[in-house]
Structures are given as structure tokens and as C-alpha cells.
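Chains, contacts and geometry: an overview
Each chain, written out:
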Amino acid sequence: MKIEILGTGCSKCAQLEAVVKQAVASSGKFAQILKVDDLMKIMEYQVISTPGLVIDGKVVSSGKVLSVDEVLALINK
């Protein structure tokens, strides 16, 4: 599983990254977690509002910090 956090370094992006790491750790699954701060790559996903969350190439959230439970639900889909 590949999880990407899209954002240019704002505090919400850092919060989402921490939440994703907690969710992956508690899920027991292996996931590659990448922080994407290149504006051109973020635009390729057509994310206008950061932070964005991409799981296996699909944008699943943008513009908000999710809770650990919300991220777990997305990981387990």
C-alpha cells in the first residue's frame, strides 16, 4: 500500500502525516508513506486544498485533517 500526503509544509499537513503514521501503525499493515510537497505533483492529483491524502493513487481526502479512525477506515477499505 502506498500512502501519499500532499502539502507544501503547512501545520495541517504535518498533523495529517502524524495521524496517518499512527493509523498505519495501529492497523498492522505495511504501507509506504510519502510526503509530497512538489506543487506540480500535487496539481497532477487535481487537489486544490491541502492537505491531501492519496491511497494507492486515488485521492481520498483533501482540505482537512482526518482522525486516526477515519484514516483507518480508508486503509481498511
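In this report, we go over the structure that sits alongside the text.

The rules behind these values
- Residues numbered from 1 in each chain as written.
- Predicted model: local features only at pLDDT ≥ 70, side-chain atom pairs only at ≥ 80, totals over all residues.
- Heavy atoms only, no water.
- Salt bridge = Lys/Arg side-chain N within 4 Å of Asp/Glu carboxyl O.
- Helix = DSSP H or I, 4+ residues; strand = E, 2+ residues; numbered from the N terminus.
- Buried < 20%, exposed > 50% of the residue type's maximum accessible area, 1.4 Å probe, protein only.
- Core = buried A, V, L, I, M, F, W, Y, C linked by side-chain atoms within 4.5 Å.
- Contact = heavy atoms within 4.5 Å.
- Axes fitted to C-alpha atoms, helices over the stretch in contact; angles between N-to-C directions.
- Parallel < 35°, antiparallel > 145°, perpendicular 65-115°, else oblique.
- Left-handed = near helix turned anticlockwise from the far one by under 90°.
- Nonpolar A, V, L, I, M, F, W, Y, C, P; charged D, E, K, R; others polar.
- Arc of directions from axis to C-beta.

The next point concerns the pattern of salt bridges. In total, this model carries one salt bridge according to the counting rule given. Between E17 and K21 there is a salt bridge; the shortest N-O distance is 3.5 Å. Here E17 pairs with K21, and both are found in helix α1 (residues 11-27), just four residues apart, close to one helical turn. Note on E17: relative accessible area 22%, which makes it partly exposed.

Among the nonpolar cores identified, the biggest contains 15 residues, and I3, V20, L53 and V71 are the most heavily contacted of them. Elements with a contribution of two residues or more to this core: β1 (2-6), α1, β3 (52-55) and α3 (68-75). Here this core gets five residues from one element, more than from any other, and that element is α1. The residues contacting V20, other than those within four sequence positions of it, are I3, I5, I33, L53 and V71. L6, V36, V47 and V54 belong to the second largest nonpolar core, which has five residues in total.

Quick look at the packing of α1 against α3 now. Taken N-terminus to C-terminus, the directions of α1 and α3 make an angle of 55 degrees; their axes are 9 Å apart at the nearest point. In terms of orientation, α1 and α3 fall into the oblique class. Viewed along their axes, α1 and α3 form a crossing whose handedness is right-handed. Here V19, V20, Q22, A23, V24, S26 and S27 of α1 lie close against α3, whose contacting residues are V68, V71, L72 and I75. Classifying every residue of the contact of α1 with α3 gives eight nonpolar, three polar and no charged.

Before going further, it helps to examine α3. Within α3 the residues assigned to the buried category are V71, L72, L74 and I75. Down the axis, α3 shows its buried residues gathered within 160 degrees of arc, on one side only. Tucked into the core, α3 has its buried residues touching β1, α1, β3 and β4 (58-62).

Looking at where T50 falls in the secondary structure, it is placed in the loop between α2 (39-44) and β3. Judged by relative accessible area, which is 25%, T50 ranks as partly exposed. Expressed as a C-alpha distance, the spacing of T50 and K64, which sit 14 residues apart in the sequence, is 7.2 Å. Apart from residues no more than four positions distant in its own chain, T50 is found in contact with L6, G7, C10, C13, I42 and G63.

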